[in-house]
Amino acid sequence: MPTDVVMPQMGESITEGTITKWLKKVGDKVERDEPLFEISTDKVDAEIPSPAAGTLTEIKFPEGATVGINTIVAVIGGNGKPAAAPAPAAVAPAAVAPAAPAASTAPVAPAAPVASTASGERPRSSPLVRKIAKDNNVDLNRVSGTGPSGRITKTDILGYIENPAAKPAPAAAPAKSSAATPAADAPIPGSLVPMTKMRSIIAQRMVESKRTSPHVHTVFKVDMTRIVRLREREKSKYEQRNGVKLTYMPFITRAAIAALRKHPIVNATVEGDAIRYSRNINIGIAVALQWGLIVPVIKRAEEQNFLGIARTIADIAERARGKKLLPDEVLGGTFTLTNSGIFGEQFGMPIINQPQAAILGIGGLNKEPVVVTDEDGNDSIAIRSMQHFCLGFDHRIVDGADAGKFMADFRACLENWDEAIG
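Quick summary incoming for the structure in this document. This one's a predicted model, so the numbers in the text were calculated from it and none came from an experiment.

**Quick word on helix α4 (residues 225-242)**
With 18 residues, α4 should cover 26 Å at 1.5 Å per step; its first-to-last C-alpha distance of 24 Å lies within 8% of that length. Helix geometry: α4 is bent most strongly at glutamate 234, by close to 55°. All buried positions along α4 are accounted for by Thr225, Ile227, Val228, Leu230, Arg231, Glu234, Tyr238 and Asn242. Taken together, the buried residues of α4 touch β9 (215-223), α5 (249-262), α6 (306-321), β17 (358-373), β18 (379-394) and α7 (400-415). Backbone geometry just downstream of α4 places glycine 243 in the positive-phi region, at approximately 75°.

This is how it looks when you write it as structure tokens:
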């Protein structure tokens with residue numbers, strides 16, 4: 001019997017996804033769980049595995065099509081002959097809504113009618129590339145494609161806009177692995193580039209979150225010296241012993257879990273005029289990508305020890321960057337951690353990931369002169385490793401006192417760390 005392949009739901013509020021790339025073509029053999037196509041949503045860019053082994057007999061939507069969740073996008077197996085591949089994305093639902101042509105300060109190539117290629121077909125390109133070409137008045141027949149089968153990539157069109165007279169760039173070497181993180185395309189000054197599907201919906205979600213929740217932020221400074229010294233002393237042996245690097249994130253995650261246990265209101269959500277107290281602590285870990293931001297979730301985080309958390313964080317971060325996350329792994333978060341301090345900032349004021357009640361921003365870790373008091377009450381100045389943490393919370397259900405108590409317990413856990421790390 002044939003097996004239908006459907007567009008998965010990649011988040012609670014997600015109703016559609018954009019097919020960005022088919023990894024197999026009609027007639028190809030495919031194994032169960034082998035990557036079949038790539039999709040893009042505001043939650044994740046992901047490779048979707050095949051639900052069954054067999055032959056890909058039909059592709060119902062082309063690359064660039066935006067499709068509702070649970071819609072059949074392909075068929076595997078069956079007794080019929082493989083169906084013809086779908087028409088180019090120009091006749092499918094567009095990934096980006098048409099926009100009025102905008103003025104551009106970038107060099108403009110002379111307009112020309114669309115001509116056929118030597119094979120009698122229009123140049124192969126994505127809807128995004130065609131949109132950029134239209135907005136900048138570029139004839140795609142003049143652009144040399146460096147992608148597979150001469151496909152015109154985003155880099156190709158932007159490079160042509162910057163310098164129409166330049167020779168085509170050499171074709172890129174094939175990637176060693178489909179899990180490799182794609183390089184970010186450098187923006188061309190003066191060009192008009194539509195938002196990706198992920199970026200467009202992230203923008204919508206951020207506006208909706210600010211409109212839904214009255215955001216309040218509180219910032220605590222934490223003395224991380226004890227943990228810094230522990231990590232420096234143990235990190236080499238830890239990696240050799242456990243096969244995972246000892247970073248600061250497991251310490252912070254475990255401290256957040258301890259504080260959430262004591263203050264369940266911070267782990268709650270609003271449902272109409274009621275408060276839903278979450279049964280489990282499902283920690284979302286924001287992962288910055290070169291093409292956006294996703295938040296994979298550690299389910300039942302309270303049931304894992306330090307080493308389990310460390311391994312899970314390393315695993316989901318690696319698979320997020322390699323587009324290997326499963327749909328369920330971006331669902332059901334009850335509290336989020338976001339670490340922008342790695343870029344050197346003191347602290348940020350993050351926006352809540354709806355429908356959660358709070359989000360914890362992790363600031364930069366720096367050595368500072370600090371007044372310390374000994375057991376006899378004597379003050380002195382010492383060099384300590386200090387870090388800012390900013391809790392953003394929904395003031396509809398979390399009061400300032402609740403947030404302050406949560407952060408005080410979070411800080412106490414880190415400053416008086418006594419848990420075995422495995």
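From this point, things continue past the structure.
**Here's the deal with unusual backbone geometry**
Between glutamine 354 and proline 355 the backbone carries a cis peptide bond, its omega angle lying at 5°. Within the fold, proline 355 resides in the loop between β16 (335-339) and β17. Backbone geometry at aspartate 33 places phi at a positive 70°, although glycine is not the residue there. In the Ramachandran plot, asparagine 137 falls in the positive-phi region, its phi being about 55° despite a non-glycine side chain. Mapping asparagine 137 onto the fold places it in the loop between α1 (127-135) and α2 (154-162). What makes asparagine 137 partly exposed here is its relative accessible area of 39%.

**Topic: helix α3 (residues 197-212)**
Here α3 spans 22 Å end to end across 16 residues, near enough to the 22 Å set by a 1.5 Å rise per residue. Buried within α3 are the following residues: Lys197, Met198, Ile201, Ile202 and Ser209. Buried residues of α3, viewed axially, fall in a sector of 115°; they line one side. Tucked inside the fold, the buried residues of α3 contact β2 (16-22), β4 (35-40), β5 (45-49), β7 (66-68), β9 and β14 (292-294).

Conventions adopted
Residues numbered from 1 in each chain as written. Predicted model: local features only at pLDDT ≥ 70, side-chain atom pairs only at ≥ 80, totals over all residues. Heavy atoms only, no water. Helix = DSSP H or I, 4+ residues; strand = E, 2+ residues; numbered from the N terminus. Expected span 1.5 Å × (residues − 1). Bend = angle between axes of the 7 residues up to and from the residue. Buried < 20%, exposed > 50% of the residue type's maximum accessible area, 1.4 Å probe, protein only. Contact = heavy atoms within 4.5 Å. Arc of directions from axis to C-beta.

Functional significance is not addressed by these values, which are geometric in nature.
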